[in-house]
Amino acid sequence: MNLLIKNGDLVNPGKPKLNGKLDLLVKQGKIAKIGENLKAGKGCQVIDATRQYVFPGLVDLHVHLREPGHEYKEDIASGTKAAARGGFTTINCMPNTEPPIDNRSVVEFVREVAKASGVIRVVTTACITKGRAGKELVEMADLYEAGVRTLSDDGDMVEDAHLMRRALEYAGMFPLTIISHAEVAGLSRGGDMNEGFVSTKLGLKGIPAAAEEIAVARDIRLAELAKARLHLAHLSTTGSIELLRTAQKRGLPITGEVTPHHFTLTDEETVGYDTSTKVNPPLRERQDVLACVRGIEDGTISCIATDHAPHAGFEKEREYSRAPFGISGLETAVSLAFTELHLKHKIPLATIIAALTINPARILALDIGTLAENGPASLTIFDPNLKWRVEPSAFLSKGKSTPFAGRELTGRVSSTIYNGRLVYQFD
Amino acid sequence: MSFTRKDLLGIEELSAGEIQSLLVAAVSFKEIIERNVKKVPTLRGKTIINLFLEPSTRTRISFELAGKYLSADVINISAGGSSVSKGESLLDTAKTLEAMKADYLVVRTPFAGAPLYLAKMVKSAVINAGDGAHEHPTQALLDLFTIQEKFQQIRSLKVAIIGDISHSRVARSNIWGLLKLGAEVTLIAPPTLLPIDIEKMGVKVRFKIDDELKKADLVYVLRLQRERQRGGLLPGLREYARLYGINSSRISKKAMVMHPGPLNQGIEIDDELAYGPRSLVTDQVTNGLAVRMAVLYLLVGKK
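Residues numbered from 1 in each chain as written. Chains lettered and ligands numbered in written order. Predicted model: local features only at pLDDT ≥ 70, side-chain atom pairs only at ≥ 80, totals over all residues. Heavy atoms only, no water.

Caption draft 1: The arrangement of the layout of surface pockets in detail. Its boundaries defined by the atoms lining it, the largest pocket holds a volume of some 1,400 Å³. Of all the secondary-structure elements, those providing two or more residues to the lining of the largest pocket are helix 5 (185-188) and helix 6 (197-202) of chain A together with helix 2 (58-69) and helix 6 (169-180) of chain B. Ranked by residues supplied to the lining of the largest pocket, first place goes to helix 6 of chain B with three residues. Within the lining of the largest pocket, the residues separate by chemical class into 17 nonpolar, 19 polar and 13 charged. Of the volumes computed, that of the second largest pocket is approximately 650 Å³. Together, 38 residues line the second largest pocket, and Arg132(A), Gly155(A), Asp156(A), His181(A) and Asn280(A) are the ones closest to its centre. (1 Å grid on protein atoms, 1.4 Å probe; cavity = no way out; pocket = protein on both sides within 12 Å on 5 of 7 lines; lining within 4 Å. Points joined across faces, edges and corners; volume = space filled by probe spheres on them. Helix = DSSP H or I, 4+ residues; strand = E, 2+ residues; numbered from the N terminus. Nonpolar A, V, L, I, M, F, W, Y, C, P; charged D, E, K, R; others polar.)

Here you go:
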């Protein structure tokens, strides 16, 4: 079916000339034409995007889809529907499934299930080490041939610095990009939240900022030694972002991401022991939130990623120390980015959308994240005027835990189109 | 000033007035427990469930007796003997106990914040009998009662709390209570047993015993858990006793001594002091009953 998107305001990173008030004509899953005053042909469906933005389909670099193994938390069908509702047309799943994604057959399993039951595109990061055990490297060549472009033991750091060095060196030849989960376990073990005055008052064990910063410093130095690319996942502290900024100034090919919860919330949210505030890395302090915002603004942080980490209700509904880390992030991310980063902190929309499209696409080595004639028709229509309240029971994700429950946000995805198909529409 | 809460979860959220009204009520209950016949009918027909998910003797017995002196029906559940040990969730347990129409749930748990979580979920009055390293409000109330009884007033009193502040709910509850009632509080502990930014609560902090301890009117000694040595927090008990062990030569001649029990004699405090004339340890235990009776009474008064 053909589709004409009329009167939208195009925000299109990487294509400076294709921005502003433009129509898009979609034919057979591709963008046939971008221009002014395009006419709908016979049988062409028209979407009126007046006073709305049109973005390239959003890309989420960091999603836990839980399948295979933990389908009660989320599966590829529910996770991709949630992603579509959040405006994403490509998501990258992390390999801490059961079994973990550490070999070609699991990569192919995820791909097949995604083709059969997913509504958008799913790509996978594979493990750095077999079984995520931190002992032996995975078969990188085989994984590369299977389409993998990034590796991570996300959830755990590769503790052995020597092994991490070799992983970076070996990965560089394909090239595969290593995504670092920067957390020194010896400093974070047993911790529930950020270590600070709030953890002192609450009597919860803290995770110091140094647990992340020491790991970030180590991995930057190892990447330099290995002459490798490196991507730093979910940075949360002022110190980490400063280390990344310094590394980039020295010309190292190192990138970083932050999550919407880390650029919005502080550890004060933990008062009351609501387990929807339990995330890893933990919510930090005011200056860290501001460092995340500044990092996005000045480009140090090139990606916004959700770290969508859904859990079943019964797992989160328990004592704070016994609840698992992780929240449902896909369905609030772009609205939080718009409300917090654009409206509150005045960051240009083009910067924010690049961090949700072309920048993560580059790390995934995917030629997507921008809208061009003859390119795939994956795009997101966003209504910046709509105010709405986050209602977890309306989430399409199986994970309903969110620290944003009840919060009013401005701007919301009104349609998500993946390869010319309407995969989500707000009604 | 009246007390109108459904639950008693911590001292932090109480006003000075609320604390005082609890302490005032405890005076009459202390009079009752000094009688020959201790039983009063105040809570006849009410049910108290002591849900103790962590070992405890004195707090559990104190709540049990407090309930019995008030004529309530009291049931004790401990972690080992309950379905909690079979993996039943805390919420399930609490919902079940509520469905049995328990009026009070007295909860001791290793998990900070769990009593607050329960209080939101059940209609029963929830009393925090110690949650992880967070709070132990009835301990602080009995300590404040004991201090007030001994010193008449808490305002401007110099109090030193010495020992493992990091892992201590007793310390946190007492710091809140003492500060709200106007005491000057100094904490004395090695850096490894002090939680980060604790001075932001409004206390002075000392790493070693110095003149601050000599100036104290009251020295509150905390129990040192022996496993702290294994956690890398201390080189050993011998060195701890040498640096922080309290004996009569280290404190002012007028100072009184308190301890929440159980004591590690010869480690954090020496025998002579612990049971000597300057110790308030047994008063604390007696006052614990009176204070817990007052808490049960005032919480039920709300319904």
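Caption draft 2: Summary view of the state of the cysteines. Residues and elements named next belong to chain A. Inspection of the entire model under this criterion finds zero disulfides over all chains. This cysteine, Cys127, is not joined by any disulfide, and Cys93 carries the nearest cysteine sulfur, 10 Å off. Free of any disulfide, Cys303 has its nearest cysteine sulfur in Cys292, 14 Å distant. Among the residues examined, Cys303 registers a relative accessible area of 0% and is labelled buried. (Disulfide = S-S within 2.5 Å. Buried < 20%, exposed > 50% of the residue type's maximum accessible area, 1.4 Å probe, protein only.)

Caption draft 3: Seen up close, the nonpolar core. Residues Tyr104(B), Leu141(B), Ile161(B), Ile165(B), Leu178(B) and Leu187(B) are the most contacted members of the largest nonpolar core, which totals 92 residues. Per-element tally for this core: the top contributor is helix 10 (residues 281-301) of chain B, with 11 residues. The two domains that each donate at least three residues to this core are domain 1 (16-134 + 285-301) and domain 2 (137-280) of chain B. Those residues in contact with Ile161(B), other than ones at most four positions away along the chain, are Asn174(B), Ile175(B), Leu178(B), Val185(B), Thr186(B), Leu187(B), Ile188(B), Tyr220(B) and Leu222(B). Counting 80 residues, the second-largest nonpolar core is a separate cluster that includes Val148(A), Ala226(A), Val258(A) and Cys292(A). (Core = buried A, V, L, I, M, F, W, Y, C linked by side-chain atoms within 4.5 Å. Domains from an automatic or database assignment. Contact = heavy atoms within 4.5 Å.)

Caption draft 4: Spatial organisation of the sheet that holds strand 6 (residues 45-48) of chain A. Residues and elements named next belong to chain A. A sheet is described by the order of its strands in space; here four strands give the open sequence 5-4-1-6, paired in mixed fashion. Looking at which strands have only one partner, the edges of the open sheet turn out to be strand 5 (30-35) and strand 6. The sheet shows a mean angle of 20 degrees between the axes of neighbouring strands, taken without regard to direction. Pairing geometry for strand 1 (residues 3-6) and strand 6, over four bridges, is parallel. Bridge pairing links Leu4 to Val46 in strand 6. (Pairing = 2+ DSSP bridges. Axes fitted to C-alpha atoms, helices over the stretch in contact; angles between N-to-C directions.)

Function-wise, these values are silent; they only describe arrangement.
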